[in-house]
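Architecture at a glance
So the chains spell out like this:
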Amino acid sequence: MTQAGWQELRVETTKAQVETLENWLFDHGAVAITLEDNADEPLLEPGPGETPLWRNVKLVALFPEGLDLLAVTDNIPAQTLVAPVAVPTHVPDQDWERAWMDSFHPMRMGERLWICPSWTDPPEPDAVNVMLDPGLAFGTGTHPTTAMCLGELDVSVAEGTQLVDYGCGTAILAIAGLKLGAHRALGIDNDPQAITASHQNAERNGIREEQFQAVMPDHEAIPSWAGCADIVVANILAGPLIQLAPELTALLKPGGRLILAGLLANQAEALMSAYRPHIALHVVNDLEGWVLLAGTATSAVPPMDASAADR
Ligand SMILES: C[S@@+](CC[C@H](N)C(=O)[O-])C[C@H]1O[C@@H](n2cnc3c(N)ncnc32)[C@H](O)[C@@H]1O
């Protein structure tokens, strides 16, 4: 049976109550639930299987058109609510997959680079075009952190560059680097769906197997990259970036460039201080509250123990 439309219910709740409320709404007829920030609090990417981390959450639930929503809204457990429930609205039926695809358009990044959905024709066929289908992974170029990394790669990748894309998602950064002239690239991600999407996108862009590999963080290929990378780019979150400081800097060759994104302006100082024993980082760009840090390894990066001995 085809539905002419849906009833959409918006409910404001807290991080602590999200799961209870979601389960309750599913038990009472909701067919789909999405979560939105309810306090203009920027959020990057939840880890595999994690729930978003906003403190205040707007939950949007879709119900079939014929269902009596009054009986639902009148009985939502009071402890899950932080505001009165809004009046439900009608949403016309549509092809949800196509609706998402329609919002992803070719985008110019920097001087040379375009990111294009794989189902479109590149507007500038002679530009450096990365053809992308994100699948279930993060990385379409629409997020400010990805856009800033792409702009930085556009000016820093040279012919022959060896590139590591840590937290590769769709491998958008690795593939862009290869198309800008990098000799080879290594993508690393702890989400198996990102590894799958990365290999599919590499193939879609005509990247040869010997040029690119996407692996999990414990993969045996990673130690062979130690001290080899001209550029290490990592667009993750501030917490993991701080933990990964020894690993990321150990991948750089002397003179290599580290590019970090995924942190908010008020987290930059903590990041720079965590990396200071390894490399001096500076804010090189900012966009919509996010900042981009970069720095150059001046000499062979010391292993962790050696830097501790210096103190
Ligand atoms: C914000 S996305 C960035 C994707 C892409 N590089 C971009 O710039 O759009 C962060 C990615 O890092 C991965 N990630 C998060 N923590 C990680 C960790 N500790 N080790 C490896 N990958 C991690 C996530 O699975 C996700 O694909």
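Throughout, a residue's number is its position along its own chain's written sequence, starting from 1. Selection of residues for local features in this predicted model requires a pLDDT of at least 70, selection of side-chain atom pairs for listing and counting requires 80 or more, and totals for whole chains, interfaces and linings are taken over all residues. Excluded from the side-chain calculations are hydrogens and water; all other atoms, namely the structure's heavy atoms, are used.

**Description of the overall build of the protein chain**
Short version of the rule: Comment: elements are numbered from the N terminus, with helices defined as DSSP H or I runs of at least four residues and strands as E runs of at least two. With a 1.4 Å probe rolled over the protein chains alone, any residue whose accessible area is under 20% of its type maximum counts as buried; one over 50% counts as exposed, and the rest are partly exposed. Accessible surface is estimated by sampling points in the Shrake-Rupley manner with a 1.4 Å probe; for residues, cover comes only from the protein chains shown.
Scanning the protein chain for helices and strands turns up 10 helices and 14 strands. Out of the 311 residues belonging to the protein chain, those deemed buried represent 46%. When the accessible surface of the protein chain is split by element, carbon and sulfur atoms take 52% of a total near 15,300 Å².

**A word on the pattern of salt bridges**
Stated formally: One speaks of a salt bridge when a side-chain nitrogen belonging to Lys or Arg is within 4 Å of a carboxyl oxygen belonging to Asp or Glu.
Applying the stated criterion across every chain yields a total of 7 salt bridges. Notably, a salt bridge pairs Arg112 with Asp154, separated by 3.3 Å at the nearest N-O pair. Of the two residues, Arg112 is situated in the loop between β5 (107-109) and β6 (113-117) and Asp154 in helix α4 (residues 144-156); the sequence distance between them amounts to 42 residues. Under the relative-accessibility criterion, Arg112 is labelled partly exposed at 33%. The shortest N-O distance in the salt bridge between Arg276 and Glu269 comes to 3.4 Å. Owing to a relative accessible area of 51%, Arg276 belongs among the exposed residues under this scheme.

**A look at helix α5 (residues 172-179)**
For α5, the tally of buried residues reaches 7 of 8 residues, placing the bulk of the element in the interior. Taken together, the buried positions of α5 are occupied by Ile172, Leu173, Ala174, Ile175, Ala176, Gly177 and Leu178. Following α5 by one or two positions, Gly181 adopts a phi angle in the positive range, close to 125 degrees.

**Comments concerning the packing of α4 against α5**
Put simply, the test is: Think of each axis as a best-fit line through the C-alpha atoms, taken over the contacting stretch in the case of a helix, with angles from 0 to 180 degrees between the N-to-C directions. Angular relationships are summarised with four words: roughly parallel below 35 degrees, roughly antiparallel beyond 145, roughly perpendicular across 65 to 115, and oblique for the angles in between. The crossing is said to be left-handed when, going from far helix to near helix, the turn is anticlockwise and less than a right angle, and right-handed when the turn is clockwise. The contact criterion used throughout is that any non-hydrogen atoms of two residues lie within 4.5 Å. Charged residues are taken to be Asp, Glu, Lys and Arg, nonpolar residues to be Ala, Val, Leu, Ile, Met, Phe, Trp, Tyr, Cys and Pro, and polar residues to be all remaining types, Gly included.
Their axes nearest at 10 Å, the elements α4 and α5 cross at an angle of 20 degrees. By the angle between their directions, the pair α4 and α5 is classed as roughly parallel. Judged by the twist between their axes, the crossing of α4 over α5 is right-handed. Of α5, the residues touching α4 (which contributes Thr146, Cys149, Leu150 and Leu153) are Ile172, Leu173 and Ala176. Of the residues in the contact of α4 with α5, the class split is 6 nonpolar, 1 polar and no charged.

**Remarks on the confidence of the model for the protein chain**
Our working rule: Residue-level confidence of the predictor is summarised by pLDDT, bounded by 0 at the bottom and 100 at the top.
Residues with a pLDDT of 70 or more make up 83% of the protein chain, whose mean pLDDT is 85. Note that residues 48-52 has pLDDT below 50 and, in this model, 7 contacts with residues that lie over four places away or in other chains. Segment residues 304-311: pLDDT under 50, and 4 contacts once partners within four positions in sequence are set aside and those in other chains are kept.

**Overview of helix α1 (residues 18-27)**
As a reminder of what qualifies: The arc in question is the one traced by the directions running from the helix axis out to the C-beta atoms.
Within α1, burial applies to Val18, Leu21, Glu22, Trp24 and Leu25. For α1, the arc enclosing every buried residue in end-on projection is 165 degrees, short of the 170-degree limit, so these residues lie on one face. α1 presents Glu19 and Asp27 as exposed residues on the side facing more than 90 degrees away from its buried surface. Following α1 by one or two positions, Gly29 has its phi on the positive side, about 105 degrees.

**Overview of the sheet that holds strand β10 (residues 212-215)**
Stated formally: Strand pairing is assigned whenever DSSP identifies at least 2 bridges connecting the two strands.
Across the sheet, which stays open at both edges, the 7 strands sit in the order β10-β9-β8-β11-β12-β14-β13 with mixed pairing between neighbours. What marks the edges here is a single partner per strand, and that holds for β10 and β13 (282-287). Adjacent strand axes in the sheet meet at a mean angle of 15 degrees, parallel and antiparallel pairs treated alike. Contacting β12 (252-264), β13 and β14 (290-296), helix α9 (residues 268-275) runs over the sheet at an angle of about 155 degrees to β12.

**Some points on the environment of Ala268**
Tracing the backbone shows Ala268 in helix α9. A relative accessible area of 5% means that Ala268 is categorised as buried. Counting along the chain gives 23 residues from Ala268 to Val291, while the straight-line C-alpha distance between them is 7.3 Å. Beyond its immediate sequence surroundings of up to four residues, Ala268 is in contact with Leu263, Val283, Val291 and Leu293.

**Looking at the pairing of β13**
Examined bridge by bridge, β13 and β14 share 5 bridges and lie antiparallel to one another. Its bridge partner lying in β14, Asp286 is registered against Val291. Where β13 folds back on β14, the antiparallel hairpin that results is connected by 2 residues, among which Glu288 adopts a positive phi of roughly 50 degrees.

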